[in-house]
Amino acid sequence: NARSIRVPTPSCWTNLAPRLGVAERATIARPYAKAAFEYARQAKAFDAWSAGLVTAAEIVADSRVAAFSKSPRWTASALAGFINGVAGAKLDSGLRNFIAILAENHRLLLLPEIAGQFAALRAAVENTVDVEVVSAVALDEAQAEKLSSALTKRFRRHVRMQNTVDATLLGSAVVRAGGLVID
C-alpha cells in the first residue's frame, strides 16, 4: 500500500538557493571553499583571498543584488562582471575567475558560506583562533596581552583578539571564540 507523495520541486535553479537549508548550503559550498583555499595556499595569497571573499560575500548578501542575481535577464558573465566591478581592485585575477566560475555554476549566493568555510580552513592551517572580547571598559595594552596569553594557553592556538566595549556590562567581560562563550 505504498503511496506516492507529491513534492514541489524548484522550477529553475534560481529558486534553489533560498530553499536550501543551512546544512545543504554548507555541503554545496564546501568543494568551492576547498578549491579557493588550495589556490590561495599555492599562490601564498591567504590575506588577499580572505579579504576578497568577504567583500564578494558582502556584495551578494545585499538583498538588491540577490534579487537581480535570480533574474533570468542577467547572464552568468554579466553577474560576474557586476560583482567584480563593484569589488574593484579588491579582487585579484584569480578571485575574478573564481567569481565567474561561481556565476556559471549558479552558486554566487553561496559566497557567504564559501567565505566562512575558507576562513575556517585557513585558521586550521595557521593554528589560529579569532576571539571577540566584549568588556565593560576598554582593555589597556597589559590587560589585552595577559588575556591573549591566557587564551593562547587555553586554546593551544595563536589568538587574534578583537576588543569591543559594552558599557551595559557590569564589570565583566564576555569572550567568544567560535561556538564557545566564556562569561
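So, here is what we can say about the structure in this document.

What counts, and where the lines are drawn
- Residues numbered from 1 in each chain as written.
- Predicted model: local features only at pLDDT ≥ 70, side-chain atom pairs only at ≥ 80, totals over all residues.
- Heavy atoms only, no water.
- Helix = DSSP H or I, 4+ residues; strand = E, 2+ residues; numbered from the N terminus.
- Buried < 20%, exposed > 50% of the residue type's maximum accessible area, 1.4 Å probe, protein only.
- Contact = heavy atoms within 4.5 Å.
- Areas by Shrake-Rupley, 256 points an atom, 1.4 Å probe, with all protein chains shown as cover.
- Pairing = 2+ DSSP bridges.
- Axes fitted to C-alpha atoms, helices over the stretch in contact; angles between N-to-C directions.

Let us look at the overall build of the protein chain. Looking only at helices and strands, one finds eight helices and four strands in the protein chain. Reading the secondary structure of the protein chain in the N-to-C direction produces α-α-α-α-α-α-α-β-α-β-β-β. The 183 residues of the protein chain split such that 34% are buried. Looking at the protein chain alone, contacts between residues at least 24 apart form 72% of all its contacts between residues at least 6 apart. Accessible surface, the protein chain: about 11500 Å² in total, of which carbon and sulfur atoms supply 56%.

As judged from the four bridges shared by strand E1 (residues 128–135) and strand E3 (residues 173–177), these two strands associate in the antiparallel manner. Bridge pairing in E3 places Val134 opposite Val174. Alignment of E3 against strand E4 (residues 180–182), held across three bridges, turns out to be antiparallel. The residue of E4 that forms the bridge with Arg176 is Val181. Counting the residues that bridge the hairpin from E3 to E4 gives two residues, and of these Gly178 lies at a positive phi of roughly 65 degrees.

With that out of the way, let us pick up the environment of Leu169. Tracing the sequence through the fold places Leu169 in the loop between strand E2 (158–165) and E3. Put simply, Leu169 and Ala136 are 33 residues apart on the chain and 5.0 Å apart in space, counted from C-alpha to C-alpha. Those residues in contact with Leu169 that lie beyond four places of it in its chain are Val134, Ser135, Ala136 and Val174.

Moving on, we get to the sheet that holds E3. Reading across the sheet, the four strands line up as E2-E1-E3-E4 and stay open at both edges, with mixed pairing between neighbours. What marks the edges here is a single partner per strand, and that holds for E2 and E4. For this sheet, the mean angle separating the axes of adjacent strands, direction not counted, is 20 degrees. Contacts from helix H8 (residues 141–155) reach E1, E2, E3 and E4 within the one sheet, and its direction differs from that of E2 by about 135 degrees.

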